[in-house]
Amino acid sequence: MTTSRGQELSKLPAHLPAYPAPNSATRNYLCTHDTCLDYPASAKSLEQTFSVSSDSMKHTCLPPIHQNAHTHIPPVYRRHPAFQRADMYLQNMRGSNNRLDEARRDRNNANRLFDSQNNNRGGYNVGSLNYYEGEIIPLEWTNQHGCGNDYTECEIVIQYMCSDNLRDGVTTRTIPNQPSNCLNNDCNKDVRYGMHEDYDYYTNCRFRWRNQGLFTADRNLRGSTAIYTRQNNNGNRHGFECAEERDHYPYWHPSPWIDLAVFTNNASRCEYYRGQSENVVGRHYCNIPDRWYHHKVSTGGNGRRGFIPNTQESCEALNDDNSEMVSFLRDLNAPDHDRLLAVVAEEFQACLSGIRTCYDNAWDNNTLTRCLDDWEVNRTVTVSELEAICPDCPDGNLVHPDSTTTCPLCIPKECIETRTLRNLSMPENYTCPFGFVVDSFNVSMCVQDWCPDRYNDSFVFQQQADECRESYLRSSGHHLVADNAHTCVRRTIIERDCFLQNLPRARWRRARSHSEAYPHVRAPWCSEADWSRPNHLGNGIGGHTNGWNWTYPAFAHERCAVRVRYNITTWDYGGLDPHDSGQVNATLNRDHRRGPAHVNIAGHHGIQTTDSARPWENARGYLFEGNPRVQIFDFYSLRFFCEDSELTIPTDPTYCYTRFSNGSINTHEYTRSKRFYCPMEYSSVAVDPTDSEWKCYNGTGFLPGSSEDKDITLQLAINTAQFGRTFQDRSHRYKSTRRSEELRKQCNQIYALNVRGKRGNIVQTFPGTEYDFTPNRLHVREGDCIHFQWTGSNTNPNNNDGQGKRGTDRSNIALQEYIRGKFGRGVEHAGGSGAGGTFWTTKAHEPGLEGWQPNVYPTMGDYPCPPSDHPTLTRPHPLDWLRCYEPSQRCEWVDRPVQTTSEAYGSCPDGFEPEQADPSKCVKEDCPTAPRSTNWDLRPDDVRLEDIGVPMDFKRGQWGVSHPEHLDNVTRDGFLGLSFQQLLNLATLENVQLGGEMSELDDAGTYYDLQPHRVTGPGTYYYMCTRNNNFSNRSQKGKIIVREAPETTAPIGSQGGSISMSTEDTFSGSSEDEDVIDSSNFATSVPPKAFPSLRHVGMSVIATSGRRKGLSEAGSDILQITPTDLVTIVQHPEMNLHPSNSRRESQVVRDDIRVQLQLESASQLYFRLSSLGFEPWVRQRIEQTGSLPEIQVEFKTSQETHGIVETTFNNQFEVEGRWNFDVEKSLDAIESGKMWVSLWLSSDTEYTGLAASDPDSGRPITVRLPVTTAVSYGNVYYIPDTPNGRACVYEGTRCNQVRRKVSGASIRNGRAVFQVGGSARQPVGGFYQVSAGSDVPLIVSVTVACTIIALAAVGSAIYFRKHPDKWQRIRNWGPNKYRLFKLSIADTI
């Protein structure tokens, strides 16, 4: 994101790091109001630790978040958390809180991997899991001081990283930062120590200059590098984490962490977070020469001052001729040039030695001549020949003919050959021909416009040429001679000045963003944070842990980790916005390590300052410092006066004018005023005429002033380090895997089902949790896959409560038993009564229970015999629960004889026949039986839904019991379609453990993995862990709801979003959000600002196939959108009220009156009015009348008054309330922005303003659902979620009474698209179904379609033999369309 100079800072998204202060580094300017603050551009794009060599990371100094070095950027903001101990704990994935495998409740080392700032009790011992591409992982966390509420401003940032060297380690000690203390001098690969960020990353941070523009309050930072922050002022080390990066987001330097999601109280920042995430914006960095970097690190790196710049200007300043780096490299490189000279001298001497040998060995002129000729021909090479072999400028380049620098330029040969003279008689911009530009090395010449970009400093080429020539002469044994004279010559090499001028340079470079490095990376998800309460671990609504479902990307790596950071913000900044770095920055830091920070808290509370030149100073202790002692009563107030009353400054009582020597008043020089304390009732000071002394004065009498403030003081528990605090937790190492082809075909969605918590009771595990399955309630579609997987530890504290071997975590899964009880809650089949007349029910007449008699109580999903048309068949059939029989002598069952020879059943006795339900039985031939209806929708009128509850043919088990179901029953009745062996594995862990003591799973391992299993069998399944289900102590249970049709839920806030569902059974791979929506069968798209706050929007499909549900002429399944009260809300920007009477003397409040409006429903409007002028006016009225003033808030249009609310001020001196209205035109006026708001402070004092609406808010939601392919026209109907609406949906009755046509719907290509909402009176939550109209066109369409298919079959067979790829597409299309067709139209057909 960029900004031009002068753009208002208030329009820029705010964020964590505060506004950098003036600095001698590169200065970009951002102006706000009349003040310009300059700050160093500071940030670099990341060359991720995943794939970058250590050299690429260890010399990085990092520039601003922008695309090039010349672009202005917005400031990066610092978040300022409130002072409470706001711990953050990752509950799933297992958060470590720096634990490894400690057998104690406290962790051993809070500095092992990172700085969590958490309680030592938090975290889970090490354990790793494996996740598949596309697997939906329930991340869950608890943040101790809440979020999404009125107590705090907060951000929660979730990230992950992967690295080949990331590991948990085997010791709780912190990894050394001295390579000599690591194995093989390589800390990155010393597997004894846990490591996330690596050594090179930390070393770069340790010696990189910190952002000097950050607000550090009254904290004394003990160093100038990035490891010293407001939160970490001593520079303590926590693994290889960089403290500055930990405390700020988005960080302006590279980080290995990839953004996943940001949750915030203020969703207006989301655009900034997404746009400036390192996922999408590459940072710049300063690439420092290796030799300089290693030299500085090895010599201490300038200690706490560091040496790595953090701006472009300071980075490039390293290349100045007089810089320490250049001097060092020159001294280091000069011997290299001397070596080159020595090599040339050696070559020359070798050449002379060759000639001398001929002379020394010749005995006459002939032998000398022959020797010299042989030497010349076979042992020499001329200068031209050598240059041709090793040219100065390779690849068709030549030395620029006008280049006179020490290091000439190489340019393409074509550029030299096509040069032309400038025509100086032409205008300045036309002196060169079209396609040519002025040559920078000879301004009288023009070169082709592409040539300057191809000018190359020939230093590198010359180095290569020198190396080439040296190598050639050495390997060939030839000597260098002149072209004509064939005499020995010295080889020309790089000039010394060129050599020393072309030292390695520090370069400002842009590295790749995460998305450039990894194609699967996208901008992070960002939305409002879910509500959670302060304390109680920060649990969310309903006491549940907040979380976010992460769909794992198409990325595989053996070593990854997740981290979640939590930041809460106080507003104790004297009215300044801590998110606006133009207001809160380094200029507010304390003075030279002394005194409080320069935040004027007192002024915001209307407390008089004691020094107008230092407005934050006051006498009542309202200071931005640690543990201030404040006076909230002010019984004794500080009074100011000038002994010479003529020197009083009317607007500033803290200073007095001075006098010139001639006695006149000097209004340009000041002196501090005199001051003392007076009781509250003495509101002024005056000279006591009795003694001419200044004293406290109450209008009638005098009292000597006091130098001592006698007010009561209260000390506040404030730590300014915690005002700027970030908390975090990280997972242990996990693994990610790409799907196999088989798994892609088997599973579209994979849902992770894990175990969270650890051994112990609620006190022993706090702030972790006791055992629980997560997600505790899992909703899946039939055909989706569940990945059962969990891990644990063998080293929990031995005295922690729990079953089985001490200190061990173990889990398993077993279906819970079917509950017994009146009305058969939890049971499918026939009800009955046991011995003693107690009511209970059974499933298929379970054996072993004596005294069972069938009863007449309805079970869930059944109603008892007799059928309405067979009144004598009063009992359920004992062998076939789907039938009823007559309990008389006409019905009798006997065992069927068995033939001893063949073991086959023989004939039944006379008068008996084989029982169809059980071939081993015979029944009387005339036994009357009849089908027993079990469709709960067809229940008798006298059986109410509330008597029956959930349809029991879809229910398995019950949470209220502590016994598992017998495995034979589970297998027979089905548990998610799991086989007997899979069920056995889940219950006994048999696939990972062979034998041993397994009654309490003691001999099993801590890790269990059942490969993703495809779910079949709709229903509700209740399951438990047999080991950790100690009734009244621990309850490790879970529920899985399997539906025939898909359902999903997603959080959507003011930023908008979408939800989609697919009926596909195979995995097509991770893709862009737009592609996912486009390929989905059901989708809901919510535009930005449709909701003013976070809503959890759900979609579910109710299949109508074979059922009497919904509209009689249904053309689709029923789509339900939840919650029921979901509506789009028009929003209103904050507005100001103005006096209706413009005369200033008539105004009782002269400050701005700000109004906030929020439409809460179609009949209720929330309002809040605030002003700095309210408090003094209210206090004045209280003094006059003794009570709060009564006021009126009026709502009106130009035509009429719609409502008046009589109210008064709250304890914050604000006007707050709700206006309830029941007239539609009132809502129309509010939503259209035509409603005026007036505040009446008295009968003749009115302040009024127009409540304009945001035209981009409250827009309708777009819904898409599939219809049968035979429907090309029809209507979409909305059915409310009311008793009558549910009767329509589930029973097919009363539909005409409740359905409402949705206007503007489009039906084509097997899809209905329509919009709902757009007004608070138009609900979105409810049911939607397409009506196909008459059955006739539907049947005709299907008939015609079948006929066409039949006629085309023969020709198609020939075509598809020639085009097999086309056949495959048809094969894929058919089942998908059939599935939709089957779900939506079977009833109609």
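Preceding block: the structure.
What counts, and where the lines are drawn
Residues numbered from 1 in each chain as written. Predicted model: local features only at pLDDT ≥ 70, side-chain atom pairs only at ≥ 80, totals over all residues. Heavy atoms only, no water. Disulfide = S-S within 2.5 Å. Helix = DSSP H or I, 4+ residues; strand = E, 2+ residues; numbered from the N terminus. Buried < 20%, exposed > 50% of the residue type's maximum accessible area, 1.4 Å probe, protein only. Pairing = 2+ DSSP bridges. Axes fitted to C-alpha atoms, helices over the stretch in contact; angles between N-to-C directions. Contact = heavy atoms within 4.5 Å. Phe/Tyr/Trp six-rings, centres within 6.5 Å; stacked < 30°, edge-to-face > 60°. Lys NZ or Arg CZ within 6 Å of the ring centre and 35° of its normal. Patch = residues over 30% accessible without salt bridge, like charges linked within 9 Å, V, L, I, M, F, W, Y side chains within 5 Å. Areas by Shrake-Rupley, 256 points an atom, 1.4 Å probe, with all protein chains shown as cover. Salt bridge = Lys/Arg side-chain N within 4 Å of Asp/Glu carboxyl O. Polar contact = N/O pair within 3.5 Å; in protein donor to acceptor, adjacent residues only side chain to side chain. Parallel < 35°, antiparallel > 145°, perpendicular 65-115°, else oblique. Left-handed = near helix turned anticlockwise from the far one by under 90°.

### Some details on the state of the cysteines
Then, in step 1: With the rule as written, the count across this model stands at 18 disulfides.
Then, in step 2: In this model, C162 is linked to C560 through a disulfide, with the two sulfur atoms separated by 2.0 Å. Across the disulfide from C162 to C560, rotation about the S-S bond amounts to roughly 105°, and the bridge is consequently right-handed. With a gap of 398 residues between them, C162 in strand β6 (residues 153-162) and C560 in strand β20 (residues 557-569) connect regions that are remote in the sequence.
Then, in step 3: In this structure C560 comes out as buried when scored by relative accessible area, which is 0%.
Then, in step 4: A sulfur-sulfur separation of 2.1 Å characterises the disulfide bridge that pairs C270 with C526. Residues C270 and C526 share a disulfide whose torsion about the S-S bond is about -75°; that sign makes it left-handed. In this pair, C270 sits in helix α4 (residues 270-276) while C526 sits in strand β18 (residues 525-528), placing the two residues 256 residues apart along the sequence.

### Considering the sheet that holds strand β65 (residues 1300-1302)
Then, in step 1: Strands sit in the order β50-β53-β54-β68-β64-β65 across an open sheet of six strands; the sheet is antiparallel. With partners counted over all chains shown, the strands left at the sheet margins are β50 (1047-1052) and β65, one partner each. Pairs of neighbouring strands in the sheet enclose a mean axial angle of 25°, with direction left out of account.
Then, in step 2: Sheet topology note: the strand β54 (residues 1118-1122)/strand β68 (residues 1326-1331) ladder contains three bridges and is antiparallel. Across the sheet, I1121 pairs through a bridge with G1326, a residue of β68.
Then, in step 3: Its contacts with the sheet place helix α24 (residues 1283-1291) against β53 (1095-1102), β54, β64 (1275-1279) and β68, and it is angled at close to 125° to β64.

### Quick word on the sheet that holds strand β61 (residues 1236-1242)
Then, in step 1: Spatially, eight strands are ordered β59-β58-β61-β62-β55-β56-β57-β60 in an open sheet, and the strand pairing comes out antiparallel. In this open sheet, the two strands that pair with only one neighbour each are β59 (1201-1207) and β60 (1215-1220). Between one strand axis and the next, the sheet turns through 25° on average, direction left out of account.
Then, in step 2: When strand β55 (residues 1135-1139) meets strand β62 (residues 1245-1250), the two strands line up antiparallel, connected through two bridges. Of the residues in β62, the one forming a bridge with P1139 is Y1247.
Then, in step 3: Relative to the sheet, helix α22 (residues 1174-1185) contacts β56 (1153-1161), β57 (1164-1170), β60 and β61, its axis offset from that of β61 by approximately 35°.
Then, in step 4: In this fold helix α23 (residues 1224-1231) packs onto β56, β57, β59 and β60, with an angle of close to 125° to the strand it touches most, β56.

### Some remarks on α24
Then, in step 1: Buried within α24 are the following residues: G1285, A1287, C1288, V1289 and E1291.
Then, in step 2: Two residues or fewer past α24, G1292 is found with a positive phi of approximately 75°.

### Describing the packing of aromatic side chains
Then, in step 1: In total, this model carries 34 aromatic pairs according to the counting rule given.
Then, in step 2: Their ring planes at 40° and their centres at 5.9 Å tell us that W141 and F263 sit as a pair that is tilted. In this pair, W141 sits in strand β5 (residues 135-143) while F263 sits in strand β7 (residues 258-264), placing the two residues 122 residues apart along the sequence. In this structure, W141 and F263 share a single accessibility class: buried.
Then, in step 3: Ring geometry for F641 and F676: centres 5.1 Å apart, planes at 50°, overall tilted. Pair noted here: F641 is in strand β22 (residues 636-641) and F676 is in strand β25 (residues 674-679), with a separation of 35 residues, a long-range link. Of the two residues, F641 and F676, both sit in the buried class.
Then, in step 4: Members of the aromatic cluster, each reached through a chain of ring pairs, are Y131, Y160, W550, Y552 and Y734.
Then, in step 5: One residue, K758, lies across the ring of Y124, its end atom 5.5 Å from the ring centre.
Then, in step 6: In this structure, R1299 is placed above the aromatic ring of Y1277, and the distance from its NZ or CZ to the ring centre is 4.1 Å.

### Points about a nonpolar patch on the surface
Then, in step 1: Taken together, I632, F633, F635, M680, I712 and L714 make up a surface patch of nonpolar side chains, about 550 Å² in accessible area.
Then, in step 2: Within the secondary structure, M680 is located in the loop between β25 and β26 (684-688).
Then, in step 3: Residue classification places M680 among the partly exposed residues on the basis of a relative accessible area of 43%.

### Section: the environment of H1138
Then, in step 1: Relative to the helices and strands, H1138 resides in strand β55.
Then, in step 2: On the accessibility criterion, H1138 (48% relative accessible area) is partly exposed.
Then, in step 3: If near-sequence neighbours (up to four positions away) are discounted, H1138 is found in contact with E1246, Y1247 and T1248.

### So, the side chain of T1245
Then, in step 1: Along the chain, T1245 turns up in strand β62.
Then, in step 2: Within the structure, T1245 has its side chain in polar contact with the side chain of S1242 (distance 2.7 Å).

### Considerations on the pairing of β57
Then, in step 1: β57 sits mainly inside the fold: five of its seven residues count as buried.
Then, in step 2: Pairing of β56 with β57 involves seven bridges; the strand directions are antiparallel. Bridge pairing links Q1158 to Y1166 in β57.
Then, in step 3: Joining the antiparallel neighbours β56 and β57 is a turn of two residues.
Then, in step 4: Pairing between β57 and β60: six bridges, direction antiparallel. By the bridge assignment, L1169 is partnered in β60 with V1215.

### Points about the pairing of β7
Then, in step 1: Counted residue by residue, β7 has seven buried out of seven residues, so it is predominantly covered.
Then, in step 2: Inspection of the sheet shows β6 paired to β7 by six bridges, in the antiparallel sense. Bridge assignment links Y160 to a residue of β7, and that residue is I258.

### Focus on the environment of V1127
Then, in step 1: Along the chain, V1127 turns up in the loop between β54 and β55.
Then, in step 2: The exposure class of V1127 is buried, given its relative accessible area of 14%.
Then, in step 3: Along the sequence, V1127 and E1160 sit 33 residues apart, while their C-alpha atoms lie 9.7 Å from each other.
Then, in step 4: Once you skip the residues sitting within four places of it in the chain, V1127 turns out to touch F1091, S1319, A1320, Q1322, P1323 and V1324.

### A word on the packing of helix α5 (residues 290-298) against helix α7 (residues 324-361)
Then, in step 1: Remark: α5 packs on α7, axes separated minimally by 10 Å, with the N-to-C direction vectors making an angle of 115°. It follows from the interaxial angle that α5 and α7 lie roughly perpendicular. Crossing of α5 against α7: the hand is right-handed. Residue-level inspection shows R291, W292, H295 and K296 of α5 in contact with α7, the latter providing E324, M325, F328, L329, L332, N333 and D336.

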